[in-house]
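Coordinate inspection notes
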Amino acid sequence: MSKAEIILLDCWISPFCMRVKIALEEKGVAYENQAEDLFGGKSELLLTSNPHGKVPVLLHNGKPVSESAIIVAYIDETWSSSPLLPPCAYGRAQARFWADYIDKKVFDAGKAIFMSKGEAIEVGKKDFIEIIKTLEKALGDKDFFNGDTFGFVDIIGISMTSWFPAYEKFGSFKLEDHCPKFSAWIKRSSQRESVAKVIPEAEKVIEFVTMFRKMMGAED
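The rules behind the values
Residues numbered from 1 in each chain as written. Predicted model: local features only at pLDDT ≥ 70, side-chain atom pairs only at ≥ 80, totals over all residues. Heavy atoms only, no water. Axes fitted to C-alpha atoms, helices over the stretch in contact; angles between N-to-C directions. Helix = DSSP H or I, 4+ residues; strand = E, 2+ residues; numbered from the N terminus. Parallel < 35°, antiparallel > 145°, perpendicular 65-115°, else oblique. Contact = heavy atoms within 4.5 Å. Nonpolar A, V, L, I, M, F, W, Y, C, P; charged D, E, K, R; others polar. Salt bridge = Lys/Arg side-chain N within 4 Å of Asp/Glu carboxyl O. Buried < 20%, exposed > 50% of the residue type's maximum accessible area, 1.4 Å probe, protein only. Polar contact = N/O pair within 3.5 Å; in protein donor to acceptor, adjacent residues only side chain to side chain. Pairing = 2+ DSSP bridges. Patch = residues over 30% accessible without salt bridge, like charges linked within 9 Å, V, L, I, M, F, W, Y side chains within 5 Å. Areas by Shrake-Rupley, 256 points an atom, 1.4 Å probe, with all protein chains shown as cover. Phe/Tyr/Trp six-rings, centres within 6.5 Å; stacked < 30°, edge-to-face > 60°. Core = buried A, V, L, I, M, F, W, Y, C linked by side-chain atoms within 4.5 Å.

**Some remarks on the packing of helix α4 (residues 89-114) against helix α6 (residues 152-160)**
The geometry of α4 relative to α6 is characterised by a closest axis approach of 9 Å and an angle of 10 degrees between their N-to-C directions. Comparing the axis directions of α4 and α6 gives the class roughly parallel. On the side of α4, the interface is formed by A95, W98, A99, I102, D103, V106 and F107, while α6 contributes F152, V153, I156, G157 and M160. Residues belonging to the contact of α4 with α6 are distributed by class as follows: 10 nonpolar, one polar and one charged.

Below is the structure:
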C-alpha cells in the first residue's frame, strides 16, 4: 500500500497524534505525514476533515477518521494482523474502559500542574499521582496492560507519558518515587522501536511546555 493512500494530519508535540503514529508503526503501515501549524493557521484540509479542527486526522483513501482513540481502533480493525485489542469481548470492553479513563483523566491532571501556581500546583500534583496509582493498580504485575503483549491501552497510555517530564519539572517530583511499577512500564514500553521512534526527547517537550506556559500567562 502506498503512502499516498494514508495521510496523517499531525502535530509533533501532541500526545494524541503520537499514539496514532505508534499504532501505524506497530502495524508496519506506511503513511504520509502532514504537519499542521495549530498556532499559525490550520490547513483547509484539516478544517474540512474534522469539524472540531483538531489533530490527529487519518485520511485513508481520502476518507477522514478523527479522534485519536477511534483512529487507533480503526487502524487495528483495518490492518488486522498483530491485533492490538484482546480477542474476547470482555477484554476489549476493559481495554476501552481504561483507554477512556486515560483520555478523561491524565492530560487534564497534568495540565493542572504545569498551568498552576503556588499551592494549586501541590493540589494538581496530588490528583495526578492518584490517577497514575489507579492505572498502576490496573496494570498490576503484568508487563503490559494486555498481559504479555503491548496493545491498545499501552499505546493510548504511553503517548501521554511523553509530557510527564514537564509535569515532573513544574511539579518538582519524580513519578518513580510514587508509582514504581507504572514507571517500570513506561521504561519497558519506551524500549519498543515503535515508541522510541515517535516519542520526542524530554528536553524538547519541556521547552515546548515552558513556551506554552508563557503564551498562556502562567509564568510568574
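Don't stop here, the text continues.
**A look at the pattern of salt bridges**
Scanning all chains against the criterion turns up 11 salt bridges. In this structure, R19 and D103 form a salt bridge, with 2.9 Å as the shortest nitrogen-oxygen distance. One end of the pair, R19, is in helix α1 (residues 15-27); the other, D103, is in helix α4, with 84 residues separating them in the sequence. Using a relative accessible area of 0% as the deciding quantity, one classes R19 as buried. Between K133 and E130 there is a salt bridge, with its nearest N and O atoms 4.0 Å apart. Of this pair, K133 and E130 both sit in helix α5 (residues 119-139), separated by three residues, roughly a single helical turn.

**Remarks on the environment of K142**
Here K142 shows up in the loop between α5 and α6. Only 3.0 Å separates the side chain of K142 from the backbone oxygen of A138, close enough to count as a polar contact. Side-chain polar atoms of K142 contact the backbone oxygen of L139, separated by 2.8 Å.

**A few points about the sheet that holds strand β4 (residues 63-66)**
Spatially, four strands are ordered β2-β1-β3-β4 in an open sheet, and the strand pairing comes out mixed. This sheet does not close on itself; its edge strands, each paired only once, are β2 (32-35) and β4. Across the sheet, the mean angle separating the axes of adjacent strands is 25 degrees when strand polarity is ignored. Relative to β2, strand β1 (residues 6-10) runs parallel, the two sharing four bridges. If you follow L9 over to β2, its bridge partner there is Q34. Lying on the sheet, α1 is in contact with β1, β2 and β3 (57-60); it crosses β1 at an angle near 155 degrees.

**Observations regarding unusual backbone geometry**
In terms of backbone geometry, most residues other than glycine have negative phi values and most peptide bonds are trans. For the bond running from V55 to P56, omega is 0 degrees, close enough to zero to count as cis. Despite not being glycine, S172 has its phi angle at roughly 55 degrees, a positive value. Along the chain, S172 falls in the loop between α7 (164-171) and α8 (175-178).

**Focus on a nonpolar patch on the surface**
Taken together, the side chains of L38, F39, M211, M215 and M216 make up a nonpolar region of the molecular surface, amounting to roughly 490 Å² of accessible area. By the element assignment, L38 lies in the loop between β2 and α2 (44-49). For L38, a relative accessible area of 31% gives the class partly exposed.

**Some words on the packing of aromatic side chains**
With the rule as written, the count across this model stands at 18 aromatic pairs. Pairing F114 with W163 gives two aromatic rings, centres 5.9 Å apart and planes at 45 degrees, and the pair type is tilted. Of this pair, F114 sits in helix α4 while W163 sits in the loop between α6 and α7, placing them 49 residues apart in sequence. Residue F114 is classed as buried on the basis of its relative accessible area of 1%. For the ring pair F114 and F212, a centre distance of 6.4 Å and an interplane angle of 70 degrees mean the geometry is edge-to-face. Of this pair, F114 sits in helix α4 while F212 sits in helix α11 (residues 202-215), placing them 98 residues apart in sequence.

**Structural notes on the nonpolar core**
Judged by nonpolar contacts, the single largest core of 70 residues is most densely connected at F128, F152 and F182. Considering every element that reaches this core, the biggest residue donor is α4, with 10 residues. Residues in contact with F182, not counting those within four places in the same chain, are I132, L135, E136, L139, F145, T161, F164 and L175.

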